[in-house]
Amino acid sequence: MDKLTDDVPGCYYNRTVQFFYEHSGKNISAHWRPRDYVVVSLGMGVSVIVILANILVMVAIFINRRFHFPIYYLLGNLAAADLFSGIAYLHLMFHTGPWTIKLSKNQWFVRQTLIDSSLTASVLNLLAIALERHQTIFTMQLHSKMTNRRVVLLIALIWGLAIFMGLVPTMGWHCLCDLENCSTMAPMYKRSYLVFWAVLNLFTFSLMVAAYTRIFVYVRHKSQRMSQHTSQIRHKETVFNLMKTVSMILGCFVICWTPGLVLLMLDGLGCESCQVLRYEKYCLVLAECNSLVNPIIYSFRDTDMLQTFKRILCCLCRRGDAGRKDTLSGMRCNTLEQEPYENGDAELVEKTRGAPLILKGTEDYDDVHRELTRACAHTHAQPHTQCVIIWGGVCIV
């Protein structure tokens, strides 16, 4: 039987990926050009950074007990979605350019499903975070009273829906039997699916922006009526800062993904003068960069998260050095447990040569720094020893 023969009348199940690309006008070179090498190399590099950065976020949330609350579990799940996006884009880099025309239809659908599922997971996570913030902020609480079981069920629901939405085109919403309605950017997807996908996500963006706008107005109005008591001021600032962080995450997501979704909608509507293929790669790069933005936002907006990042990286570096110089030095990396503060009291524990140093009732960084440095002075005076202190994420040697 001829491989190009259609096994179902009116359908093109036996045609190659190249056939659909040529029919849609999305021509792909069969040879590698310098531009292809640059795009693939940069894409792979960014994807690896995205994967590592979001693993760092997930580890930070796991090891720091200050983050063991529903909002941070959802932010951790958002990091997992970004990690999944990094994997999806890395997979795309190995199946793009001249490699595309060599793909089977199943391989092409897998490539697209990974990207669609990662976007859906991110959108649903942001929607869940918006609902969680709406529930807590309107009672001026910092953390939701949602049980861990409900959080786990919510996360499972998010991933179930994300995978389902990613599989929708493979379950029938494709153009293998409707060649005239194939899209240009995704040559085996129906134009109607692209319109549905873009409108659904843009509508969800609008809902989340409206929800956060309402929350901000409420918080600002409520904070003006709160007393000037110190504990209430700190609570208000903590709530407002967390809201700013979450809103920045949502804002960057909308900025990075909206151009691509608008382009998909224009393609789905059949806009031939829009030159969607000309801007496709730029929108794809912008969307990929969004997965790298969130760890940067955490670093600049959340002091506890930044300190935890530094603890992790510093300990990894110190342990690596200790492994190479184990026979020459007794150096080790001791991390301070970052317990939640109660009534503004800080309790820091640093073990120096087996003797615990406990500092209580101080919140001044310079005082703590001097005390810890003085405690290490005797250790440095001993031969073949080195004192390493990690406090607040800052390594003091």
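Given the structure is predicted, the values throughout are model-derived calculations rather than measurements.

1. Brief notes about the UniProt feature "transmembrane region" (unreviewed entry) in the protein
Right, so step 1: The UniProt record marks residues 37–64, 71–94, 114–131, 151–174, 194–219 and 239–266 with the feature "transmembrane region" (unreviewed entry), using the residue numbering of this structure.
Right, so step 2: Counted over residues 114–131, helix gives 100% and strand 0%. Its end C-alpha atoms are 26 Å apart.
Right, so step 3: End C-alpha to end C-alpha, residues 151–174 measures 34 Å, and it is 71% helix and 0% strand.

2. Quick notes on the environment of Asn-27
Right, so step 1: By the secondary structure assignment, Asn-27 is in the loop between helix H1 (17–24) and helix H2 (34–63).
Right, so step 2: Between the alpha carbons of Asn-27 and Ile-101 there is a distance of 9.6 Å; along the sequence they are 74 residues apart.
Right, so step 3: Setting aside chain neighbours within four positions, we find Asn-27 in contact with Tyr-21 and Glu-22.

3. Examining the state of the cysteines
Right, so step 1: Enumeration according to the criterion identifies three disulfides in this entry.
Right, so step 2: The disulfide that involves Cys-175 links it to Cys-182, with 2.0 Å between the sulfurs. Negative torsions about the S-S bond denote left-handed disulfides, and the value of about 105° found for Cys-175 with Cys-182 makes this one right-handed. Taken individually, Cys-175 and Cys-182 each receive the classification buried, so the pair is uniform in this respect.
Right, so step 3: In this model, Cys-271 is linked to Cys-274 through a disulfide, with the two sulfur atoms separated by 1.8 Å. Taking the sign of the S-S torsion, about 80° here, the bridge from Cys-271 to Cys-274 comes out right-handed.
Right, so step 4: Free cysteine: Cys-256, not disulfide-bonded; nearest cysteine sulfur from Cys-252 at 6.1 Å.

4. Looking at the packing of aromatic side chains
Right, so step 1: Under the counting rule described, the total for this entry stands at 17 aromatic pairs.
Right, so step 2: Taking 5.4 Å as the distance between ring centres and 80° as the angle between the ring planes, the aromatic pair formed by Trp-108 and Tyr-189 counts as edge-to-face. Of this pair, Trp-108 sits in helix H4 (residues 105–137) while Tyr-189 sits in the loop between helix H5 (148–167) and helix H6 (191–225), placing them 81 residues apart in sequence.
Right, so step 3: Residue class for Trp-108 comes out buried when judged on its relative accessible area of 0%.
Right, so step 4: Taking relative accessible area as the criterion, Tyr-189 reaches 2% and is therefore assigned buried.
Right, so step 5: Centre to centre, the rings of Tyr-193 and Phe-196 are 6.4 Å apart; their planes meet at 40°, and the pair counts as tilted. Separated by three residues within a single helix, Tyr-193 and Phe-196 lie in helix H6, roughly one turn from each other.
Right, so step 6: A residue is classified by how much of its surface remains accessible, and Tyr-193, at 1% relative accessible area, is buried.
Right, so step 7: Assessed through its relative accessible area of 34%, Phe-196 is described here as partly exposed.

5. Some words on the pattern of salt bridges
Right, so step 1: A full pass over the atoms with the stated rule returns four salt bridges.
Right, so step 2: A salt bridge links Glu-280 to Lys-26; the shortest N-O distance between them is 2.9 Å. Of this pair, Glu-280 sits in helix H8 (residues 276–301) while Lys-26 sits in the loop between H1 and H2, and the two are 254 residues apart along the sequence.
Right, so step 3: According to the relative accessible area criterion, Lys-26 is buried, its value standing at 13%.

6. What to know about a nonpolar patch on the surface
Right, so step 1: Judged by side-chain polarity, Val-48, Leu-52, Ile-55, Val-59, Phe-62 and Ile-63 come together as a nonpolar surface patch covering roughly 540 Å² of accessible area.
Right, so step 2: Mapped onto the elements of the fold, Leu-52 is located in helix H2.

7. With respect to the packing of helix H3 (residues 70–93) against H8
Right, so step 1: It is the contact of H3 with H8, at a shortest axis distance of 10 Å, that shows an interaxial angle of 145°. In the crossing of H3 with H8, the sense of the turn from one axis to the other is left-handed. Facing Leu-75, Leu-78, Asp-82, Ser-85, Tyr-89 and Leu-92 of H3, the residues of H8 in contact are Leu-284, Ala-287, Glu-288, Asn-290, Ser-291, Asn-294 and Tyr-298.
Right, so step 2: Residues belonging to the contact of H3 with H8 are distributed by class as follows: seven nonpolar, four polar and two charged.

8. Considerations on unusual backbone geometry
Right, so step 1: Here the phi dihedral of Gln-275 falls at roughly 50°; this positive angle occurs in a residue that is not glycine.
Right, so step 2: Residue position: Gln-275 is located in the loop between helix H7 (230–268) and H8.

9. Let's talk about the nonpolar core
Right, so step 1: If you look at the biggest cluster of nonpolar residues, it comprises 74 residues, and the most contacted ones within it are Trp-108, Ile-129, Phe-205, Leu-261 and Tyr-298.
Right, so step 2: No other element matches H4, which puts 11 residues into this core.
Right, so step 3: With residues up to four places along the chain from it excluded, the contact list for Tyr-298 reads Val-57, Leu-75, Leu-78, Thr-245, Ile-249, Met-305, Leu-306 and Phe-309.

Thresholds applied
Residues numbered from 1 in each chain as written. Predicted model: local features only at pLDDT ≥ 70, side-chain atom pairs only at ≥ 80, totals over all residues. Heavy atoms only, no water. UniProt positions renumbered as here; feature names shortened; annotations may be inferred. Helix = DSSP H or I, 4+ residues; strand = E, 2+ residues; numbered from the N terminus. Contact = heavy atoms within 4.5 Å. Disulfide = S-S within 2.5 Å. Buried < 20%, exposed > 50% of the residue type's maximum accessible area, 1.4 Å probe, protein only. Phe/Tyr/Trp six-rings, centres within 6.5 Å; stacked < 30°, edge-to-face > 60°. Salt bridge = Lys/Arg side-chain N within 4 Å of Asp/Glu carboxyl O. Patch = residues over 30% accessible without salt bridge, like charges linked within 9 Å, V, L, I, M, F, W, Y side chains within 5 Å. Areas by Shrake-Rupley, 256 points an atom, 1.4 Å probe, with all protein chains shown as cover. Axes fitted to C-alpha atoms, helices over the stretch in contact; angles between N-to-C directions. Left-handed = near helix turned anticlockwise from the far one by under 90°. Nonpolar A, V, L, I, M, F, W, Y, C, P; charged D, E, K, R; others polar. Core = buried A, V, L, I, M, F, W, Y, C linked by side-chain atoms within 4.5 Å.

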